[in-house]
Amino acid sequence: MASEPSGRGGERPFTRTDTSGHAEARPSEASAVTTVYFVAGERSGDDHGAALLKALCARAPEMRFVGRGGPKMRAIAGGKFRDWIDETAVVGLWEVIRHYPFFRKQFQATISEIQAVKPRAVVLIDYPGFNLRLAHALHVKFPELTIIYYISPQVWAWNRRRVSQMARSIDLMLCIFPFEPELYEASGLRAIFVGHPMISVIPSGNAAPPRDDKLVGLFPGSREREVKKIFPVMRQAALELSHQDHDLRFVVSAASEPLAELIRADLHGKHATGKFSVVTGDARSVMGRVNAGMVASGTATLEAALSELPFVLIYRVAWLTYLAARLVVKVKYLGMPNVLANREIVPEFIQHKAQPRAIAAAVARLLTDKTERTRMLTDFAGAAQKLGRGEASVNAAEAIVTELRHAG
């Protein structure tokens, strides 16, 4: 994997200066234990982090894990590893502003923990709002600390100017999309494509049970604001489909029980409850059973493609949010299958184009037109081939161990 020593002076030992002006050296190379500090701030980051910790345990059993993440990472790391996911999984600009005092306190506490622990390296997992700022602060305070970023933030979509800033504070970027390393390396940030984590966790549809021809899946997102904006559109599109084919049924995948209750409340009194069932926390299983889907923009679009589920993408937010996003988003497509293919292989119904009748017509084609289904599934296979082979966590672990060996 990484064959070069760190471009930010990673060959020198990580030292700090205490309040009396004396340098504090980190443990020597001869130390039997290599301590690495991890930071993950969302449940997806906890999943990726836990897989990475398992791979590191196998590759470098002498490694000691400390830091902040979720229950899965803590179960592997043990010790004083902190599970803080329930406190940090905040989304939306106003939510972040409202919790600013909390995040400021946690930011300083994280830096203090790193100073006390004196790790060999810090591995930041996704969570860019917090982790990119942390990387900069750590580089300023501890310039010889090796900083590695796993699950690269999608700055290529919304703010490419940040790449040059990231290059000054991050030693190695571990990318999960094949086009990302070239973007980062153009700004002087060393980057490695390790593959996408979903490749190893979603089995091929060839081994899956037959799909239910009359069942359509609705995947309205994992956040309350998404569900409130997107599910009513999906529901109306589903009812349009039902008028065309009375035998169709619909299953709604809710990311949590509170969101399931929100969805049930929307369905109540609409004379539609008999057509809909709501399941919680079982999106991948639902994707394996239904014959077509409506999917909110996000990670689920890639999950659906890898599950070989023909689907349409739906995205709708508040108009001010949409207009603000239009100013900064620099990609032609929202769905990752389309980004990977660099063309629209999945129909995208965005904002004012997210009209129930048009959505229903597109889903109807996927249900009845075998040529259209075959074309989309072939395109999905092509996109999947670009996401690498093997386990991303194993490749990432190898890259981290190699980096630390060179940075010693």
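The structure displayed is predicted, hence computed values, not measured ones.

Procedures and definitions
- Residues numbered from 1 in each chain as written.
- Predicted model: local features only at pLDDT ≥ 70, side-chain atom pairs only at ≥ 80, totals over all residues.
- Heavy atoms only, no water.
- Phe/Tyr/Trp six-rings, centres within 6.5 Å; stacked < 30°, edge-to-face > 60°.
- Helix = DSSP H or I, 4+ residues; strand = E, 2+ residues; numbered from the N terminus.
- Buried < 20%, exposed > 50% of the residue type's maximum accessible area, 1.4 Å probe, protein only.
- Pairing = 2+ DSSP bridges.
- Expected span 1.5 Å × (residues − 1).
- Contact = heavy atoms within 4.5 Å.
- Salt bridge = Lys/Arg side-chain N within 4 Å of Asp/Glu carboxyl O.
- pLDDT = per-residue confidence, 0-100.

1. A few points about the packing of aromatic side chains
Part 1 of the argument: Going through the model one piece at a time under the given rule, you end up with 9 aromatic pairs.
Part 2 of the argument: Measuring from ring centre to ring centre gives 5.5 Å for F107 and F130, while their planes differ by 70 degrees; the resulting arrangement is edge-to-face. Of the two residues, F107 is situated in helix α5 (residues 100-117) and F130 in helix α6 (residues 128-141); the sequence distance between them amounts to 23 residues. As far as burial versus exposure is concerned, F107 and F130 are alike and both buried.
Part 3 of the argument: Seen from their ring centres, F177 and F179 are 5.9 Å apart, and the 10 degrees between their planes marks the pair as stacked.
Part 4 of the argument: Judged by its relative accessible area of 4%, F177 falls in the buried class.
Part 5 of the argument: An aromatic cluster is defined as three or more aromatic residues linked by ring pairs; in this entry it consists of W84, F107, Y127 and F130.

2. Concerning the pairing of strand β13 (residues 292-296)
Part 1 of the argument: Counting buried positions along β13 gives 5 out of 5 residues, so the element sits mostly inside the fold.
Part 2 of the argument: Across the two faces of β13 the burial is the same, with A292, M294 and A296 and G293 and V295 all buried.
Part 3 of the argument: Two strands pair when backbone bridges link them, and strand β10 (residues 215-219) and β13 are joined in this way by 4 bridges, in the parallel orientation. Across the sheet, residue G217 finds its bridge partner in β13, namely G293.
Part 4 of the argument: Note that β13 and strand β14 (residues 311-315) share 4 bridges and pair parallel.

3. Describing α6
Part 1 of the argument: In this model, α6 (14 residues) spans 19 Å end to end at C-alpha, consistent with the 20 Å of a helix rising 1.5 Å per residue.
Part 2 of the argument: Residues of α6 that are buried include every one of F130, N131, L132, L134, A135, A137 and L138, and no others.
Part 3 of the argument: In this structure, the buried side of α6 is in contact with β3 (34-40), α5, β6 (121-125), β7 (146-150) and α8 (162-169).

4. Topic: the pattern of salt bridges
Part 1 of the argument: For the structure on display, the rule yields 15 salt bridges.
Part 2 of the argument: Between D47 and K72 there is a salt bridge, with the nearest N and O atoms lying 2.6 Å from each other. With D47 in helix α1 (residues 43-59) and K72 in helix α2 (residues 71-77), the pair connects residues that are 25 residues apart, well separated along the chain.
Part 3 of the argument: Residue classification places K72 among the partly exposed positions, given a relative accessible area of 45%.

5. Quick notes on unusual backbone geometry
Part 1 of the argument: In this structure, K118 takes a positive phi of about 55 degrees despite not being glycine.
Part 2 of the argument: Counting through the fold element by element, K118 comes out in the loop between α5 and β6.
Part 3 of the argument: By relative accessible area, which is 22% here, K118 ends up partly exposed.
Part 4 of the argument: Positive phi is not limited to glycine here, since D126 has a value of about 55 degrees.
Part 5 of the argument: Structurally, D126 is set in the loop between β6 and α6.
Part 6 of the argument: According to the relative accessible area criterion, D126 is buried, its value standing at 18%.

6. Things to note about the confidence of the model for the chain
Part 1 of the argument: For the chain, the mean per-residue pLDDT works out to 85, and 82% of the residues sit at or above 70.
Part 2 of the argument: Considering only residues more than four positions removed or in separate chains, one finds that residues 1-7, a stretch of pLDDT under 50, has 22 contacts.

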